[in-house]
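# Results of the structural survey
Residues per chain, in single letters:
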Amino acid sequence: MTFLNVAIMVGILLAAMVASMLYYGSRGKKQIRHLFDGLASAMGGGVAQQNRMHYPHWTTQVAGRPAELFFYLSEGHRKTADIVYLVLATPIRLPSASLVVEEGFFTTAPDKGSFNAVAGDYLAGLMPGRYVYATDEAATVALFARGGLAERLEPLGRYPNIVLGPDAITVGKPYGGALDLTPERIGQDLAALAALAAHLETVAAPPADAPPVLARG
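Residues numbered from 1 in each chain as written. Predicted model: local features only at pLDDT ≥ 70, side-chain atom pairs only at ≥ 80, totals over all residues. Heavy atoms only, no water.

## Considerations on empty space enclosed by the protein
- What the rule picks out here adds up to one cavity of 30 Å³ or more.
- Computed from the structure, the largest cavity encloses a volume of approximately 30 Å³.
- Taken together, Val 62, Arg 65, Pro 66, Ala 67, Thr 90, Leu 190, Leu 193 and Ala 194 form the lining of the largest cavity.
- Split by residue class, the lining of the largest cavity holds six nonpolar, one polar and one charged. (1 Å grid on protein atoms, 1.4 Å probe; cavity = no way out; pocket = protein on both sides within 12 Å on 5 of 7 lines; lining within 4 Å. Points joined across faces, edges and corners; volume = space filled by probe spheres on them. Nonpolar A, V, L, I, M, F, W, Y, C, P; charged D, E, K, R; others polar.)

See below:
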């Protein structure tokens, strides 16, 4: 067999592998689009998808609050790379960001930089079974103290990654298949997310008798 024959065979095999990846990737996203359409039909909202090679994106309203569901391909800070995450989010305004992650879920990945440089400082003892990181220690400790967050986060316990603020609450988990996208399960999760956001807005707001903040001239 000549070198040219080998090169041709390798090219054919590579082309077949790429075609297979594209086919199964497209088929998987087609199934997910079907599941998203089912969510929209059951719970309202709209589904957008750039093309069949992109994951769909669902936006809706829960208890009068905007919410969205989408997928994110993560390459960092876990024991394996390229994890497809299912993500739920709703907007909120908080003074700073706090990251609440399941113990042992993340690990350092080479060439990804310092985890604490992104997540903030580690705060011990705020929630059993979870590591808490914060960019503003005082603000996060106050939220946990006033808001009873350990109990409020329990309904979202199947999501190992929870980000609180500064402009949204975002929860994520590795996608586990169609059972993750049933209207019953997503409905419960979005209701818990909306309730958490409403609660945080209350406890994060300054007291009614707080003195006004004066602009500096």
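## Comments concerning the side chain of Thr 60
- Its place among the elements puts Thr 60 in strand β2 (residues 57-62).
- Assessed through its relative accessible area of 8%, Thr 60 is described here as buried.
- Within polar-contact distance, the side chain of Thr 60 engages the backbone oxygen of Gly 44 at 3.3 Å.
- With residues up to four places along the chain from it excluded, the contact list for Thr 60 reads Met 43, Gly 44, Gly 45, Arg 65, Pro 66, Ala 67 and Leu 190. (Helix = DSSP H or I, 4+ residues; strand = E, 2+ residues; numbered from the N terminus. Buried < 20%, exposed > 50% of the residue type's maximum accessible area, 1.4 Å probe, protein only. Polar contact = N/O pair within 3.5 Å; in protein donor to acceptor, adjacent residues only side chain to side chain. Contact = heavy atoms within 4.5 Å.)

## Let's talk about the packing of helix α3 (residues 137-147) against helix α5 (residues 183-204)
- Close contact between α3 and α5 brings their axes to 10 Å; oriented N to C, the two are set at 110°. On the basis of the axis angle, α3 is roughly perpendicular to α5. Contacts between α3 and α5 involve Leu 143, Arg 146 and Gly 147 on the former and, on the latter, His 199, Leu 200, Val 203 and Ala 204.
- Grouping the amino acids of the contact of α3 with α5 by side-chain chemistry returns four nonpolar, two polar and one charged. (Axes fitted to C-alpha atoms, helices over the stretch in contact; angles between N-to-C directions. Parallel < 35°, antiparallel > 145°, perpendicular 65-115°, else oblique.)

## Observations regarding the packing of aromatic side chains
- Evaluation of the coordinates by the stated rule reveals five aromatic pairs.
- The rings of Phe 36, Tyr 55, Phe 71 and Tyr 175 are connected pair by pair, giving a single aromatic cluster.
- Positioned above the aromatic ring of Tyr 55 is the side chain of Lys 29, whose terminal nitrogen or guanidinium carbon lies 4.5 Å from the ring centre. (Phe/Tyr/Trp six-rings, centres within 6.5 Å; stacked < 30°, edge-to-face > 60°. Lys NZ or Arg CZ within 6 Å of the ring centre and 35° of its normal.)

Note that every value here comes from positions in space, so none of it alone points to a role or purpose.
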